Amino acid sequence: MEGSQSFVEHPYIPRDLKLPGFVPGVLSQSTIVGVYAVCSLLVVSLIWVLSGRSPKRLKIDRWLMCWWAFTGLTHMILEGYFVFSPEFYKDKTGFYLAEVWKEYSKGDSRYAARDAGVVTVEGLTAVLEGPASLLAVYAIATGKSYSYILQFAISLGQLYGTAAYFITSYLEGDNFASSPFFYYSYYIGANFSWVVIPTLIAIRCWKKTCAAFQAQAQAQKKTKVR
């Protein structure tokens, strides 16, 4: 009886999801969200201050550096922990990263269930897009020629991953949230930024890259005329 009861003590949907050894979270929702918000603000503030040391750097580039630092660390730390900690739901220590995923699983129980599609998407995001995002910070800061191509590639990767995340959920019934609140605040709200911002960055990088090729083509024509 004790073994069967352990399968239904979790707060996730579906209720018959088997999570043997599940340990309820000890940190409150406000604490988890608050710590993440404060840490994110510190990262953004630090990058904003450091990027402002160059008076020639455009504000848009400074904001992009903040975004890439924020998203890169989020991918590597938060998502990286999830990928390499398959039994986070058994954590008894109150470790913050484990608490994050116990809480987020209320909006998408596929994380607690270790859904293969989710693990794959998050794994690629953490291992590839995370470091690439930090490389984008460096590329913008130093004015590297590959900056726009790199940002474009990462943005496409983020959009692809987000699309795969939502589409697989839809195909599997889209019934993984404990309540409408968690569905819209976690599943939709927490991922909204990774739809809008990468889209805007991809469009900007596409325009910048096309403009550069057009300028190069015009320069070559002028050279030939001479």
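A quick note: this is a predicted structure, and the numbers were derived from the prediction, not measured.

Each value, and the rule that gives it
Residues numbered from 1 in each chain as written. Predicted model: local features only at pLDDT ≥ 70, side-chain atom pairs only at ≥ 80, totals over all residues. Heavy atoms only, no water. Phe/Tyr/Trp six-rings, centres within 6.5 Å; stacked < 30°, edge-to-face > 60°. Helix = DSSP H or I, 4+ residues; strand = E, 2+ residues; numbered from the N terminus. Buried < 20%, exposed > 50% of the residue type's maximum accessible area, 1.4 Å probe, protein only. Lys NZ or Arg CZ within 6 Å of the ring centre and 35° of its normal. Expected span 1.5 Å × (residues − 1). Core = buried A, V, L, I, M, F, W, Y, C linked by side-chain atoms within 4.5 Å. Contact = heavy atoms within 4.5 Å. Salt bridge = Lys/Arg side-chain N within 4 Å of Asp/Glu carboxyl O. 1 Å grid on protein atoms, 1.4 Å probe; cavity = no way out; pocket = protein on both sides within 12 Å on 5 of 7 lines; lining within 4 Å. Points joined across faces, edges and corners; volume = space filled by probe spheres on them. Nonpolar A, V, L, I, M, F, W, Y, C, P; charged D, E, K, R; others polar.

Draft legend 1. Structural context of the packing of aromatic side chains. Per the stated rule, a full pass over the model turns up 25 aromatic pairs. Look at Trp101 and Tyr111: their rings are 5.0 Å apart centre to centre, the planes differ by 15°, and that puts the pair in the stacked class. Of the two residues, Trp101 is situated in helix α4 (residues 96–104) and Tyr111 in the loop between α4 and α5 (116–142); the sequence distance between them amounts to 10 residues. Accessibility classification places Trp101 together with Tyr111 in one group, the buried group. When the ring centre of Trp48 is taken as origin, the NZ or CZ atom of Arg62, which lies over that ring, is 3.7 Å away. A cation sits over an aromatic face here: Arg114 above Phe82, 4.7 Å from the ring centre.

Draft legend 2. Helix α6 (residues 147–171), seen in detail. If you check α6, its first and last C-alpha atoms are 36 Å apart, about what 25 residues at 1.5 Å a residue would give, namely 36 Å. Every buried residue of α6 is listed here: Ser147, Leu150, Gln151, Ile154, Ser155, Gln158, Gly161, Thr162, Tyr165 and Ser169. Following α6 by one or two positions, Gly173 has its phi on the positive side, about 110°.

Draft legend 3. Structural detail: the environment of Val127. Within the secondary structure, Val127 sits in helix α5. Sequence separation between Val127 and Lys18 is 109 residues; the distance between their C-alpha atoms is 28 Å.

Draft legend 4. Layout of unusual backbone geometry. Note that the residue after Ile13, namely Pro14, is joined by a cis bond; omega there is 0°. Its place among the elements puts Pro14 in the loop between α1 (2–6) and α2 (29–51). A positive phi angle is found at Asp174, which is not glycine, with a value near 50°. For Asp174, the location among the structural elements is in the loop between α6 and α7 (180–225).

Draft legend 5. The nonpolar core, seen in detail. Counting residues in hydrophobic clusters, the biggest one holds 25 residues, and the most contacted among them are Leu19, Phe82, Phe88, Trp101 and Tyr111. Breaking this core down by element, the ones donating at least two residues are α3 (59–84), α4 and α7. Considering each element in turn, this core owes the most residues, five residues, to α4. Dropping the residues within four chain positions of it, Tyr111 is found in contact with Phe82, Phe88, Trp101, Tyr104, Ser105, Val118, Glu122 and Tyr165.

Draft legend 6. Fine view of the pattern of salt bridges. Summed over all chains, the structure comprises five salt bridges. A salt bridge links Asp61 to Arg204; the shortest N-O distance between them is 3.9 Å. With Asp61 in helix α3 and Arg204 in helix α7, this residue pair connects regions lying 143 residues apart in the sequence. The buried category is assigned to Asp61, whose relative accessible area is 17%. Glu103 serves as the salt-bridge partner of Lys106, at 3.0 Å between the closest nitrogen and oxygen. Accessibility expressed as a relative area gives 21% for Lys106, which makes it partly exposed. Of the residues examined, Glu103 reaches a relative accessible area of 9% and is grouped as buried.

Draft legend 7. Just the layout of surface pockets, in detail. Within this model, the largest pocket holds a volume of roughly 760 Å³. Around the largest pocket, the lining is made up of 34 residues, and of these Tyr36, Tyr104, Ala190, Asn191 and Trp194 lie nearest the centre. For the lining of the largest pocket, the secondary structure elements donating two or more residues are α2, α3, α4, α5, α6 and α7. Its residues assigned to classes, the lining of the largest pocket shows 17 nonpolar, 13 polar and four charged. Empty space within the second largest pocket amounts to approximately 210 Å³. Val35, Tyr36, Cys39, Ser40, Val43, Phe70, Leu73, Thr74, Ile77, Leu78, Tyr96 and Leu97 are the residues that line the second largest pocket. Those elements giving two or more residues to the lining of the second largest pocket turn out to be α2, α3 and α4. Classifying every residue of the lining of the second largest pocket by side-chain character gives 10 nonpolar, two polar and no charged.

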